[in-house]
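Listed below, chain by chain, are the residues.
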Amino acid sequence: MSTSNRIDPPWQRSQGQRAAPDTDHAWEPTRVESGVATQILRDRNDPETDESRDIGRLVGQDQRELFVSCGPVEAMRQQFEILRPEFIAVHDIGTALSRKLLAGIGVASGRRLQKLVIRRQGYGTPLAALEFIEWPTAQGAMLRLYTTEIDADTASRNALALTLLANSRLGVIIVGDLPGHALTAALQPLQQAMLRGPWSNRNVIMLPLSSASALAAQGSNIAGHTGVSVRTTPQVTRPAEAWGFISGMWNHMHDQPSMRGMQLPGLADAIGPAKAGDSSAPSTSPAAATAVKPAAPVAAEAPSQPTTEPLALRPMPTVPGPNALPPQREDALGEYVGRLIKLNGMVACGVFDATTSRSVAHAGQGFGAEALAAQTRVLVDAALQSGRALGLPGNAPEMALSLDAHHVVLRPLPRHAELVLYAVFDRNVANLTLVRLQIQRLDEELNLASS
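A quick note: this is a predicted structure, and the numbers were derived from the prediction, not measured.

(A) A look at the sheet that holds strand E2 (residues 63–68). Reading across the sheet, the nine strands line up as E1-E2-E4-E5-E6-E3-E7-E8-E9 and stay open at both edges, with mixed pairing between neighbours. Among the strands making up the open sheet, the edge pair consists of strand E1 (57–60) and strand E9 (229–232). The mean inter-strand angle of the sheet, taken between neighbouring strand axes irrespective of direction, is 30°. Against the sheet, helix H5 (residues 180–196) touches strand E3 (87–93), strand E7 (170–175) and strand E8 (203–208), its axis set at about 170° to E8. Against the sheet, helix H6 (residues 213–226) contacts E7, E8 and E9, and its axis sits at roughly 175° relative to E9.

(B) Main features of the nonpolar core. If you look at the biggest cluster of nonpolar residues, it comprises 38 residues, and the most contacted ones within it are Met76, Leu130 and Met206. Not counting the four nearest positions on each side in its chain, leucine 130 is found in contact with Met76, Gln114, Lys115, Leu116, Ile118, Tyr146, Ile150 and Leu164. Ranked by size, the runner-up nonpolar core spans 26 residues in total, among them Leu170, Leu207, Val236 and Met253.

(C) Geometry of helix H10 (residues 369–389). In this model H10 runs 30 Å from its N-terminal to its C-terminal C-alpha over 21 residues, within 8% of the 30 Å that 1.5 Å per residue would give. When H10 is considered as a whole, its buried residues turn out to be Ala369, Leu372, Ala373, Thr376, Arg377, Val380, Asp381, Leu384 and Gly387. Angularly, the buried residues of H10 cover 165° about the axis, an arc narrow enough to put them on a single face. Turned more than 90 degrees away from the buried face of H10 sit Gln375 and Ala389, all of them exposed. Its buried side turned inward, H10 meets helix H4 (154–167), strand E10 (346–353), strand E11 (358–364), strand E13 (406–413) and strand E14 (416–426). Backbone geometry just after H10 places glycine 391 at a positive phi near 75°.

(D) Just H5, in detail. Given a rise of 1.5 Å per residue, 17 residues ought to cover 24 Å, and the 24 Å separating the end C-alpha atoms of H5 matches this to within 8%. Along H5, the largest kink reaches about 35° and is centred on glutamine 188; proline proline 189 follows within four residues of it. Residues Leu183, Leu187, Leu190, Gln191, Ala193 and Met194 constitute the buried set of H5. Just beyond H5, the residue with positive phi is glycine 197, at close to 70°.

(E) How the structure looks around a nonpolar patch on the surface. Residues Leu379, Leu401 and Leu403 make up a contiguous nonpolar surface patch of roughly 220 Å² in combined accessible area. By the secondary structure assignment, leucine 379 is in helix H10.

(F) The pairing of E10, seen in detail. Counted residue by residue, E10 has seven buried out of eight residues, so it is predominantly covered. Across six bridges, the pairing between E10 and E11 is antiparallel. Bridging from a neighbouring strand, glycine 350 pairs with histidine 362 of E11. The turn joining E10 and E11, which pair antiparallel and follow one another in sequence, is formed by four residues; a positive phi near 65° is taken by serine 357.

(G) Examining the packing of aromatic side chains more closely. Applying the stated criterion to the full structure yields five aromatic pairs. Centre to centre, the rings of phenylalanine 80 and phenylalanine 87 are 4.9 Å apart; their planes meet at 25°, and the pair counts as stacked. Across the pair, exposure class does not vary: phenylalanine 80 and phenylalanine 87 are buried alike. On the numbers, 5.3 Å between centres and 85° between planes, the contact of phenylalanine 87 with tyrosine 146 is edge-to-face.

(H) Structural view of the sheet that holds E13. Taken together, five strands build an open sheet; the order of strands is E11-E10-E14-E13-E12 and the sheet is antiparallel. Of all strands in the sheet, those bounded by a partner on one side alone are E11 and strand E12 (399–402). Strand after strand, the sheet turns through a mean of 15° between neighbouring axes, direction not considered. Both E13 and E14 contribute to a ladder of eight bridges, which runs antiparallel. The residue of E14 that forms the bridge with histidine 406 is aspartate 426. Each of E10, E11, E12, E13 and E14 touches H10; the most contacted strand, E14, lies at about 115° to it.

Rules behind the numbers
Residues numbered from 1 in each chain as written. Predicted model: local features only at pLDDT ≥ 70, side-chain atom pairs only at ≥ 80, totals over all residues. Heavy atoms only, no water. Pairing = 2+ DSSP bridges. Helix = DSSP H or I, 4+ residues; strand = E, 2+ residues; numbered from the N terminus. Axes fitted to C-alpha atoms, helices over the stretch in contact; angles between N-to-C directions. Contact = heavy atoms within 4.5 Å. Core = buried A, V, L, I, M, F, W, Y, C linked by side-chain atoms within 4.5 Å. Buried < 20%, exposed > 50% of the residue type's maximum accessible area, 1.4 Å probe, protein only. Expected span 1.5 Å × (residues − 1). Arc of directions from axis to C-beta. Bend = angle between axes of the 7 residues up to and from the residue. Patch = residues over 30% accessible without salt bridge, like charges linked within 9 Å, V, L, I, M, F, W, Y side chains within 5 Å. Areas by Shrake-Rupley, 256 points an atom, 1.4 Å probe, with all protein chains shown as cover. Salt bridge = Lys/Arg side-chain N within 4 Å of Asp/Glu carboxyl O. Phe/Tyr/Trp six-rings, centres within 6.5 Å; stacked < 30°, edge-to-face > 60°.

Structure follows, in structure tokens:
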């Protein structure tokens, strides 16, 4: 068989049969931009960047946004599991002072209250809003302090509060003036959450606003059943005292030399040291002397002159919320509620802010303002959720609930959609239709008084 027409495959050809390609000319087209230096840009989602180590994306000077495809509770739990931030959570039991405490500390230290808004991915619907301040540590890093006064529906608000406490490095609980049986009932959900888990936080400090004896016994009981270190401070009356206990406890937790960079300064030190370079000057807050033992100042070779802390003796300022009413409006609402309570059969009535659950005005006996506001908020949230499920979104609804012995009327106030009226009537005395007409008439007078 003739082999003259055989074609050898390329890998069997000799170099003489086929010349090697000119390497320089073959690659020349790719060298057009060879003078441009290669730049490696860090992705903003790179876990090594400072921005991505924080929760949410900065969208303003005092606001961050986190877009999620799940519920706000699960979203925050995932963020904590991935990022593992160190933060302090401040929670209320029997009171509503945690936000005011953070705002007061922020005013005293020159730091603003900030907000983290959790939104639904694709729609932008706000699901929850968490507020916090950032506090500088000794090494210059920022430590975040969250308040559990969260703007969300009742179920999410309670679950988010426990999620913040469970994942915080230090949980701070402000406890109001509660009788013994009420204190036990109020602390029970906290203890159950610790037992149920997951609960990574091992340090809780309780700040009583009244006598600390009953609370100390309750705290010891919780610690004995859960293994979490629960410490109760003496009675707290001023924000400087509260901060002295919080910073003292935090610094005691970071007393080891390798961890002293995470220690917190006093209020005066956070504003700025008395002398340039004297950043290790110890705080002379009167509350610091009675706080949990603080760690020694970092690198303080010689005692420095005590600095005067002009803000230590100040009471915590009242910082209005974003939806706070002017004083004249609150006066008008007080007069409005005072006239409502005079209606035939009225047992109790009041107005509360649906965004914060804060009671604005209340009148009547037999029902507490906070209890009525909380239960009314539950009803309003349930109605709103049902409306959204049916594709009928809207603001606070108007509702009338008839029980065995009472009528309950809920309605948003004119010109103040965030304000909701609750009115409880004796069913045996008052007629529901007549009651609603009387309320509408007073609503018209409220418009004139508050315009």
